[in-house]
Amino acid sequence: LIGRPNVGKSTLFNRLTHSRKALVDDQPGVTRDRIYGKCIQGDFRFLVVDTGGLTLNGTAIQIAVQEQVERVLDEADALVFLTDGRAGTVPEEFDIAERLRQSGQHVFLVVNKVEGQEPDVVSAEFNELGLGSPKAISAKTGFGINELLRSLRAELPTVVDKLDRSDRAR
Ligand code: GDP
Ligand code: MG
């Protein structure tokens, strides 16, 4: 989960992993390390990584956070770029989008905090980030989460675990 501070990454992480492992806070910058959790939806399972937020310039702490994010860019199978539908796009997000395009990773552009608003209207301006059609969700209420999981499922690589393989060999 990539995105600038305060867009709701930790809230989404907690919802996907059914945990309260990631600290959710009104103050930007509360999550500093990567936090790992399992998302289990029936036979669809994947590891979710919460990050401290992507800022491309800033203070020493922000730069330390940035180093964590760079590692995630390398190790992830797919990136969820989370944005804030209430805030709209901010100039920095165009730089983040560019960085993510360079990563060559599969990027899911997701607009959060759309509850109580018209999802299509809110997400329209995020098309300008050039990362495809945004998916509108509310990490807080759960709106759009199943839809997001469906598209993740369609794109994430399938790994057959060892147990399945030995079952099949028999
Ligand atoms: P992070 O910094 O990206 O990890 O963001 P957090 O998960 O800590 O959330 C930042 C703030 O946004 C908190 O006050 C959350 O309660 C709030 N928030 C997160 N998701 C939503 C949402 O879907 N709707 C609304 N209205 N607020 C949200
Ligand atoms: Mg956080």
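Residues numbered from 1 in each chain as written. Chains lettered and ligands numbered in written order. Predicted model: local features only at pLDDT ≥ 70, side-chain atom pairs only at ≥ 80, totals over all residues. Heavy atoms only, no water.

1. Looking at the overall build of the protein
Alright, step 1. The secondary structure content of the protein amounts to 6 helices and 5 strands.
Alright, step 2. The helix and strand sequence of the protein, counted from the amino end, reads α-β-β-α-β-α-β-α-β-α-α.
Alright, step 3. Here the protein holds 170 residues, and the buried ones make up 44% of them.
Alright, step 4. At a minimum sequence separation of 6, the contacts of the protein that also span at least 24 residues come to 63%.
Alright, step 5. Accessible surface, the protein as shown: approximately 9,500 Å² in total, 49% of it carbon and sulfur. (Helix = DSSP H or I, 4+ residues; strand = E, 2+ residues; numbered from the N terminus. Buried < 20%, exposed > 50% of the residue type's maximum accessible area, 1.4 Å probe, protein only. Contact = heavy atoms within 4.5 Å. Areas by Shrake-Rupley, 256 points an atom, 1.4 Å probe, with all protein chains shown as cover.)

2. What about the side chain of Lys9?
Alright, step 1. Checked against the element boundaries, Lys9 lands in helix H1 (residues 9–17).
Alright, step 2. Despite its burial, Lys9 pairs with no opposite charge; the closest candidate is Asp50, at 5.7 Å N-O.
Alright, step 3. Here Gly3 takes part through its backbone oxygen, which lies 3.2 Å from a polar atom of the side chain of Lys9. (Lys, Arg positive; Asp, Glu negative; His and termini not counted. Salt bridge = Lys/Arg side-chain N within 4 Å of Asp/Glu carboxyl O. Polar contact = N/O pair within 3.5 Å; in protein donor to acceptor, adjacent residues only side chain to side chain.)

3. Focus on unusual backbone geometry
Alright, step 1. One non-glycine residue, Asn6, lies in positive phi territory at about 80 degrees.
Alright, step 2. Locating Asn6 in the fold gives a position in the segment before H1.
Alright, step 3. Residue Asn6 is classed as partly exposed on the basis of its relative accessible area, which comes to 34%.
Alright, step 4. Even without a glycine there, the phi angle at Lys113 is positive, about 65 degrees.

4. Comments concerning the nonpolar core
Alright, step 1. Ranked by internal contacts, the top residues of the largest apolar core, which has 22 residues, are Leu12, Phe46, Ile137, Leu149 and Leu152.
Alright, step 2. At the level of elements, H1, strand S1 (35–41), strand S2 (44–50), strand S3 (78–84), strand S4 (106–112) and helix H5 (145–155) are the ones that each hand at least two residues to this core.
Alright, step 3. Leave out the neighbours within four places in its chain, and Leu152 touches Phe44, Phe46, Val80 and Phe108.
Alright, step 4. In terms of nonpolar packing, the next biggest core, distinct from the first, is built from 19 residues, Ala76, Phe81, Leu129 and Leu131 among them. (Core = buried A, V, L, I, M, F, W, Y, C linked by side-chain atoms within 4.5 Å.)

5. Focus: the pairing of S4
Alright, step 1. Where burial is concerned, most of S4 is hidden: 6 out of the 7 residues are buried.
Alright, step 2. Pairing geometry for S3 and S4, over 7 bridges, is parallel. Counterpart to Asp84 in the pairing with S4 is Asn112.
Alright, step 3. One crossover worth recording links S3 to the parallel S4 by way of helix H3 (residues 91–103), and it is right-handed.
Alright, step 4. Relative to strand S5 (residues 135–136), S4 is paired through 2 bridges, and the arrangement is parallel. (Pairing = 2+ DSSP bridges. Right-handed = clockwise from strand over helix to strand, strands pointing away.)

6. Observations concerning the packing of aromatic side chains
Alright, step 1. This structure, assessed with the given rule, holds 1 aromatic pair.
Alright, step 2. Aromatic pair Phe44 and Phe46: ring centres 5.0 Å apart, planes at 40 degrees, arrangement tilted.
Alright, step 3. Assessed through its relative accessible area of 10%, Phe44 is described here as buried. (Phe/Tyr/Trp six-rings, centres within 6.5 Å; stacked < 30°, edge-to-face > 60°.)

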